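Examination of the molecular architecture
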Amino acid sequence: KAAYEMTSELLESMQRDGVTCGQVHYNTLIKGCALAAKKGDPDAVATAHKTFMRMRVDRIRPNVRTYTAMIDTLAKSGILENLERTTPLLEEMHRLGIRPTRVTYNVLINAYAMAADAANKAAHDKMRQQAASGKKVTRRGGGKGRQGSMGRGGQPGGG
């Protein structure tokens, strides 16, 4: 079974047994998605998002722990597109008056570091593919116009 199906069934089972689902339950489920993302579960981000949306449908207000767990799940997926989704969540927190904690910022710092690593890896992989295909490999930002470079006649500015 897909992770979200199991999560959904667990929530429904709790409700059938008369257990009121609250922030703590949803937060725990989303935090579990972060752990699954770290282990490489490809469904972890989708499961976290669906759980987050279900929380809203069930009229449970997300709190700082909910947002932090969502950001952590996105970060631990290691996928650049997911990492880029962390900033809008932080902005949403601010709009809703939810103050990020040190933990939230630590998770974001790790997410940004992972994004930089992912971007660097992607650039490196592209350069390797170009080199393997016989294309000329160039580095962005180098050469003419760069501060401190010397142009014709020994003049600064590459002109």
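Please read these numbers as outputs of a predicted model, since none were measured by experiment. (Residues numbered from 1 in each chain as written. Predicted model: local features only at pLDDT ≥ 70, side-chain atom pairs only at ≥ 80, totals over all residues. Heavy atoms only, no water.)

1. What about helix α6 (residues 86-95)?
Side chains of residues three or four places apart in an α-helix project in the same direction, reflecting 3.6 residues per turn. Among the residues of α6, Thr86, Leu89, Leu90, Glu92 and Met93 are the ones counted as buried. An end-on view of α6 places all buried positions within 160 degrees of arc, on one side of the element. A positive phi of about 80 degrees marks Gly97, the residue just after α6. (Buried < 20%, exposed > 50% of the residue type's maximum accessible area, 1.4 Å probe, protein only. Helix = DSSP H or I, 4+ residues; strand = E, 2+ residues; numbered from the N terminus. Arc of directions from axis to C-beta.)

2. Observations concerning the packing of helix α2 (residues 23-38) against helix α3 (residues 44-57)
Interhelical geometry of α2 versus α3 gives an angle of 170 degrees and a closest axis separation of 8 Å. In terms of orientation, α2 lies roughly antiparallel with respect to α3. For the pair α2 and α3, contact is made by Gln23, Tyr26, Asn27, Leu29, Ile30, Cys33, Ala36 and Ala37 and by Ala44, Thr47, Ala48, Thr51, Phe52, Arg54 and Met55, respectively. Of the residues in the contact of α2 with α3, the class split is 10 nonpolar, four polar and one charged. (Axes fitted to C-alpha atoms, helices over the stretch in contact; angles between N-to-C directions. Parallel < 35°, antiparallel > 145°, perpendicular 65-115°, else oblique. Contact = heavy atoms within 4.5 Å. Nonpolar A, V, L, I, M, F, W, Y, C, P; charged D, E, K, R; others polar.)

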